[in-house]
Amino acid sequence: MAESFSTTNRFFDNKFYPRGFSRHGDFTIKEAQLLERYGYAFNELDLGKREPVTEDEKQFVAVCRGERLPVTDMERIWSKYIDRIRRPKRFHTLSGGKPQMDVVEEYTESDD
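As annotated in an unreviewed UniProt entry, the chain is Macrodomain Ori protein from Affinibrenneria salicis. Quoted verbatim from the Sequence similarities (unreviewed entry) heading of the UniProt record, the comment on the chain is "Belongs to the MaoP family."

So this is what it looks like as C-alpha cells:
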C-alpha cells in the first residue's frame with residue numbers, strides 16, 4: 001500500500017475546516033493525519049482527475065462511486081469526510097419543543 005495514494009501535496013479544506021481537521025472535532029487524530037497526508041490523492045481519485053493505478057485505488061474509486069461499501073480505514077475516513085461536508089451541520093435549540101402560542105379564551109356572557 002506504500003505506492004497507493006502517493007502524493008507530495010498536503011490536503012486542507014479551508015472552506016469546511018478552516019482550523020484544520022484535528023481541531024474541528026469531527027475526526028480523531030489518526031483520521032485527521034491520514035486526511036492531511038492522503039486527502040489530496042483521495043480527492044483527485046474521487047473527482048476523476050487521477051486514474052487509479054493500484055488495486056487499492058481501484059477499490060477506493062468503487063467506494064466513491066457507491067459500488068461497494070467502505071472496508072479499509074482510508075475508505076471509511078474519506079466517506080466520513082464526504083458525508084460531513086455534504087450534510088449540513090445539525091444544531092439544537094435550548095427550548096426543545098414547538099414554539100408556545102398564547103391562548104386567549106373568549107368569555108361570553110350567559111344568562112344564569
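### Observations concerning the overall build of the chain
In terms of helices and strands, the chain carries four helices and zero strands. Burial status across the chain gives 28% buried among its 112 residues. Summarising the internal contacts of the chain: among those between residues at least 6 apart in sequence, 61% fall at separations of at least 24. When the accessible surface of the chain is summed, it comes to about 9200 Å², and 48% of that surface belongs to carbon and sulfur atoms.

### Some remarks on the nonpolar core
Judged by nonpolar contacts, the single largest core of 19 residues is most densely connected at Phe5, Phe21, Leu35, Phe42, Trp78 and Tyr81. Breaking this core down by element, the ones donating at least two residues are α2 (29-47), α3 (55-64) and α4 (73-86). When residues of this core are assigned to their parent elements, the largest contribution, seven residues, is made by α2. Tyr81 has contacts with Phe11, Asp13, Tyr17, Phe21, Phe27 and Leu35, leaving out every residue within four places of it along the chain.

### Description of the layout of surface pockets
As a volume, the second largest pocket reaches approximately 190 Å³. Together, 13 residues line the second largest pocket, and Val63, Cys64, Ser79, Ile82 and Arg86 are the ones closest to its centre. Residue assignment for the lining of the second largest pocket shows that the elements contributing at least two residues are α3 and α4. The element contributing the most residues to the lining of the second largest pocket is α4, with six residues. Class assignment for the residues of the lining of the second largest pocket results in six nonpolar, two polar and five charged.

### Considering α3
Residues three or four positions apart in an α-helix share a direction because the helix packs 3.6 residues into each turn. Those residues of α3 lying buried are Glu57, Phe60, Val61, Ala62 and Val63. Close packing links the buried residues of α3 with α2 and α4. Looking one or two residues past α3, Gly66 carries a phi angle of roughly 80°, positive in sign.

### Some remarks on the packing of aromatic side chains
For the structure on display, the rule yields 14 aromatic pairs. Summarising the aromatic geometry, the rings of Phe42 and Phe60 are spaced 4.9 Å apart at their centres and angled 25° between planes, so their arrangement reads as stacked. Taken together, the positions of Phe42 in helix α2 and Phe60 in helix α3 put the pair 18 residues apart, joining distant regions of the chain. Note on accessibility: Phe42 and Phe60 belong to one class, buried. Taken together, the ring pairs in this structure connect Phe5, Phe11, Tyr17, Phe21, Phe27, Tyr38, Phe42, Phe60, Trp78 and Tyr81 into an aromatic cluster.

### Let's talk about the environment of Phe21
Inspection of the secondary structure assignment puts Phe21 in helix α1 (residues 21-24). The sequence separation of Phe21 and Gln33 amounts to 12 residues, and the corresponding C-alpha distance is 8.2 Å.

Reading guide: rules and limits
Residue numbers restart at each chain and count upward from 1, following the sequence in its written direction. Only residues with pLDDT of at least 70 get local features here, since the model is predicted, and only at 80 or more are side-chain atom pairs given and counted; chain-wide, interface and lining totals rely on the full set of residues. Hydrogens are left out, water is left out, and the side-chain values use all remaining heavy atoms of the structure. UniProt positions are given in the numbering used here, feature names are shortened, and annotations may be inferred rather than shown by experiment. The secondary structure listing takes helices from DSSP runs of H or I that are at least 4 residues long and strands from runs of E that are at least 2 residues long, numbered from the N terminus. Buried means the residue's accessible area, taken with a 1.4 Å probe over protein chains only, is under 20% of the maximum for its type, while exposed means over 50%, and partly exposed covers the values in between. Between two residues, a contact is recorded if the distance between any of their heavy atoms is within 4.5 Å. All accessible areas in this document rest on Shrake-Rupley with a 1.4 Å probe, and a residue is counted as covered only by the protein chains that are shown. By nonpolar core is meant a set of buried Ala, Val, Leu, Ile, Met, Phe, Trp, Tyr and Cys residues that side-chain atoms within 4.5 Å join together. Only protein atoms enter the calculation, which uses a 1 Å grid: trapped sets of points that fit a 1.4 Å probe without letting it out are cavities, open sets showing protein on both sides within 12 Å along at least five of seven lines are pockets, and any residue with an atom within 4 Å of a point is a lining residue. Grid points are joined across faces, edges and corners, and a volume is the space filled by probe spheres set on the points. Amino acids are sorted into nonpolar (Ala, Val, Leu, Ile, Met, Phe, Trp, Tyr, Cys and Pro), charged (Asp, Glu, Lys and Arg) and polar (every other residue, Gly among them). Here the aromatic set is Phe, Tyr and Trp, taking the six-membered ring for Trp, and pairing holds for ring centres within 6.5 Å; pairs whose planes are under 30 degrees apart are stacked, those over 60 apart are edge-to-face, and all others are tilted.

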